[in-house]
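Fold and contact review
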Amino acid sequence: MRDVAVIGVGCTTFGEKWGTSFRNLFVEAGGMAIEDANISGETIDALYVGNMSAGRFIDQEHIGALIADYSGLASEHTPSTRVESACCSGGLAFRQAVIAVASGMEDIVVAGGVEKMTDVDTPTSVDALAAAADREWEGFVGATFPGLYAMIATDYMNRYPLTREQLAQVAVKNHYNGARNPIAQFQHEISIDTVINSSLVADPLRLFDCSPITDGAAAVILAPLERAHEFTDTPIKVLATAQASDTIALHDRRDISTMDATVAAGDRAFKMAKLERKDIDLVEVHDCFTIAEICAIEDLGFCKKGEAGKLTEEGVTALNGKLPVNTSGGLKACGHPVGATGIKQVWEIVKQLRGEAGKRQIDGAEIGMTQNVGGTGASVAVHILGRA
Ligand code: COA
């Protein structure tokens, strides 16, 4: 296998983007990544596009071909593949692109992700998202994603010492970081009171415990590490790519407060990178709901089960903490255009490792990690990236 590097990144602003289309969002992000990678004269060998549900959100399928066409690659007949794994679609598109380059089959590859969710109303969007759960056992009886993660939060809070304030602090921290990220959907700080007094969505989760509904796209360019310096002085090496699956329905899990797929993918990634937890300088985790960030920190092995709330309260995961988590603002403040999120996580880590993260820069960051989740944890992708 060849070593693989990220040589360019691009990301649109996230939010309610009624002035643009799905296809234009992707082209905007892809264009930024191509410019960033200085590859305008190069042949793009392949595209992998993460997208969860364009069929439900904008009534469009055949996304791989659509994106190749509007990226100007139809005349080159460039292979383009849609990757779908619910909210983990972006993470898995990145992984497929890494595998393609590592195998030697392809050299210059685009990994992207795109979702346009706000063209439909909230109930339609919530139902489209619910298709990532088990429709027969969960969706048909009314379980939505806020409802399913509320069950995880209830179970967790019954078994471990997590306070309402500690849970709220996850959102407070991520809004603080989002306020320092020019692409974030929410660029304002909030207090614990804002979270605790916001409207109840699914007990105990309130509005500010939830990621929002978002439009956005992100793209990165991959190349063999041995060629990376032809294009950039700051290539970022892919140190590990890992993926794991679990039961699709929550009730079939061994333990609903532990994402075993995160545990498995995390362990595989650390083994592949030959690194330990203490080597990670920052991590982007899948905080689709505040409780998901608490579980992710523990399931990736950064602390014992039941300790992430205290860690959050003590500021360990804050921008100036020992292990900054979700410096981008996470899904909570940056927004969660589901197919694009996994690529945006890679974008954030690359920006940080190149020292280009502006007001949210982690000084001297050398190694970063991403954790991207599909559904309630039926699919998980974990990546580790480092300065080359
Ligand atoms: N956090 C903070 N504020 C939010 C928000 C969120 N998650 N979602 C919406 N808002 C704000 C809006 O900006 C708007 O503010 P304004 O009145 O100042 O403009 C206000 O709340 C109402 O927005 P609206 O779009 O009407 O909210 P909604 O009630 O339709 O949707 C949720 C709120 C929580 C139902 C929706 O965001 C949701 O379903 N989130 C979860 C998405 C999800 O499940 N993703 C997949 C995870 S696996």
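Residues take numbers from 1 onward in each chain, read along the sequence in its written order. Local features in this predicted model are restricted to residues of pLDDT 70 or higher, and side-chain atom pairs are both shown and tallied only at a pLDDT of 80 or more, whereas totals for entire chains, interfaces and linings draw on every residue. With hydrogens and water set aside, each side-chain value is computed from the structure's full complement of heavy atoms.

If you check an unreviewed UniProt entry, the chain appears there as Thiolase from Methanosphaerula palustris.

The next point concerns the overall build of the chain. Looking only at helices and strands, one finds 14 helices and 11 strands in the chain. In this description the radius of gyration comes from C-alpha coordinates, and the expected globular size is given by 2.2 Å times residues to the power 0.38. Computed over its C-alpha atoms, the radius of gyration of the chain comes to 19 Å, within 12% of the 21 Å expected for a compact globule of 388 residues. The buried share of the chain, reckoned over its 388 residues, is 62%. Sequence separation of at least 24 residues holds for 77% of the intrachain contacts in the chain that already meet a minimum separation of 6. Secondary structure counts use DSSP, requiring at least four H or I residues in a row for a helix and at least two E residues in a row for a strand, with both numbered from the N terminus. Only protein chains enter the area calculation, which uses a 1.4 Å probe; residues under 20% of their type maximum are buried, those over 50% are exposed, and those in between are partly exposed. Contacts are residue-level and defined by heavy atoms, with any inter-residue pair within 4.5 Å sufficient.

Let's shift gears to the site of the ligand. The environment of the ligand is formed by 16 residues, the closest being Thr122, Cys210, Ser211, Pro212 and Lys332. Within the contact set of the ligand, a nitrogen atom lies 2.8 Å away from a backbone nitrogen or oxygen of cysteine 210. Computed by Shrake-Rupley with a 1.4 Å probe, the accessible areas treat only the displayed protein chains as cover when residues are assessed. When the ligand sits alone it has 920 Å² of accessible area, and the protein chains cover 64% of it. Only Asp, Glu, Lys and Arg are considered charged in this grouping, and only Ala, Val, Leu, Ile, Met, Phe, Trp, Tyr, Cys and Pro are considered nonpolar; every other residue, Gly among them, is considered polar. In terms of residue class, the shell around the ligand is made up of 12 nonpolar, 3 polar and 1 charged. Any residue with a heavy atom lying within 4 Å of a molecule or strand is counted as near it. Whenever two N or O atoms come within 3.5 Å, that pair is a polar contact, provided that in protein one can donate a hydrogen and the other can accept it, and provided that, for residues adjacent in sequence, both atoms are side-chain atoms.

Another aspect to go through is the packing of aromatic side chains. Side-chain rings of Phe, Tyr and Trp (the six-membered ring for Trp) are treated as a pair once their centres are within 6.5 Å; stacked means planes under 30 degrees apart, edge-to-face means over 60, and tilted covers the remaining angles. Summed over all chains, the structure comprises 4 aromatic pairs. A centroid spacing of 4.7 Å and a plane angle of 50 degrees characterise the contact between tyrosine 156 and tyrosine 160, whose relative ring orientation is tilted. Exposure class is identical for tyrosine 156 and tyrosine 160. Each is buried. These aromatic residues form a ring-pair network of at least three members: Phe145, Tyr149 and Phe289. Charge over a ring is defined by NZ of Lys or CZ of Arg lying within 6 Å of the ring centre and within 35 degrees of the ring normal. Note that arginine 23 overlies the ring of tyrosine 70, its terminal NZ or CZ placed 4.4 Å from the centroid. Taking the ring centre of tyrosine 176 as reference, the NZ or CZ of arginine 180 above it sits at 3.6 Å.

For the rest of this paragraph, the subject is the sheet that holds strand E3 (residues 80-83). Working definition: the strands of a sheet are paired by backbone hydrogen bonds and lie parallel or antiparallel to each other. Here, a strand pair is defined by DSSP locating no fewer than two bridges between the strands. If you walk across this open sheet you meet the 9 strands as E3-E2-E4-E7-E1-E8-E11-E10-E9, and the pairing is mixed. The sheet is open, and its two edges are formed by E3 and strand E9 (282-284), each paired on a single side. Each strand axis lies, on average, 25 degrees off the axis of its neighbour in the sheet, ignoring direction. Where strand E2 (residues 46-50) and strand E4 (residues 109-116) come together, 5 bridges link them in parallel fashion. Orientation is described by lines fitted to C-alpha atoms, with helices fitted over the stretch in contact, and by angles between N-to-C directions that extend from 0 to 180 degrees.

Next up on the list: the UniProt feature "domain: Thiolase C-terminal" (unreviewed entry) in the chain. Under the UniProt annotation, the feature "domain: Thiolase C-terminal" (unreviewed entry) is placed at residues 242-387. As annotated, residues 242-387 has a helix share of 33% and a strand share of 16%, and its two end C-alpha atoms lie 19 Å apart. UniProt positions are given in the numbering used here, feature names are shortened, and annotations may be inferred rather than shown by experiment.

Moving on: the side chain of histidine 383. Its location among the elements puts histidine 383 in strand E11 (residues 379-387). In terms of polar contacts, histidine 383 uses its side chain to reach the side chain of threonine 241, at 2.7 Å. Beyond its immediate chain neighbours, meaning those up to four positions away, histidine 383 contacts Gly91, Phe94, Arg95, Ala240, Thr241, Gly368, Met369 and Thr370.

Domain extents, as shown, originate in an automatic or database domain assignment. Taken domain by domain, the chain holds domain 1 (4-121 + 214-236) and domain 2 (128-211 + 239-387). Inter-centroid distance (C-alpha atoms) of domain 1 to domain 2 is 23 Å. Contact with domain 1, which involves 44 residues of that partner, is made by 39 residues of domain 2. Both sides together, the interface formed by domain 1 and domain 2 hides about 3,100 Å², and carbon and sulfur atoms give 70% of it. By definition, the buried area sums, over both parts, the 1.4 Å-probe accessible area that each loses when the two are put together. Interface area lost by domain 1 to domain 2 is led by Phe14, Cys87 and Ile236, which between them contribute 24%. We count a salt bridge whenever a side-chain nitrogen from Lys or Arg sits within 4 Å of a carboxyl oxygen from Asp or Glu. Linking domain 1 with domain 2 are 1 salt bridge. For aspartate 36, the salt bridge identified is with arginine 354, shortest N-O distance 2.9 Å. Counting every contact that joins domain 1 to domain 2 gives 12 residue pairs in polar contact (both at pLDDT 80 or more). Only strand E1 (4-11), helix H2 (54-57), helix H4 (89-103), E4 and strand E7 (215-224) provide two or more residues apiece to the side of domain 1 that touches domain 2. Looking at the side of domain 1 that touches domain 2, the element that brings in the most residues is H4, giving 7 residues.

In this model, aspartate 203 is joined to proline 204 through a cis peptide bond whose omega is 10 degrees. With respect to the helices and strands, proline 204 occurs in the loop between strand E5 (200-202) and strand E6 (205-206). Of note, the phi angle at asparagine 38 is positive, near 55 degrees, even though the residue is not glycine. For asparagine 38, the location among the structural elements is in the loop between helix H1 (22-37) and E2. Here alanine 86, not a glycine, exhibits a phi torsion of approximately 55 degrees, which is positive. Mapping alanine 86 onto the fold places it in the loop between E3 and H4. Under the relative-accessibility criterion, alanine 86 is labelled buried at 7%.

Take the pairing of E2 next. The buried fraction of E2 is high, at 5 of 5 residues. Residues Ala46, Tyr48 and Gly50 point to one face of E2 and Leu47 and Val49 to the other, with burial holding for every one of them. Pairing of E2 with E3, which is carried by 4 bridges, proceeds in the parallel orientation. Each bridged residue has a counterpart across the sheet, and for glycine 50 the counterpart in E3 is valine 83.

With that settled, the discussion passes to the state of the cysteines. By definition, disulfides here are pairs of cysteine sulfur atoms that lie within 2.5 Å. Here the structure, examined in full by the defined rule, presents 0 disulfides. Not part of a disulfide, cysteine 11 finds its nearest cysteine sulfur in cysteine 334, a span of 6.5 Å.

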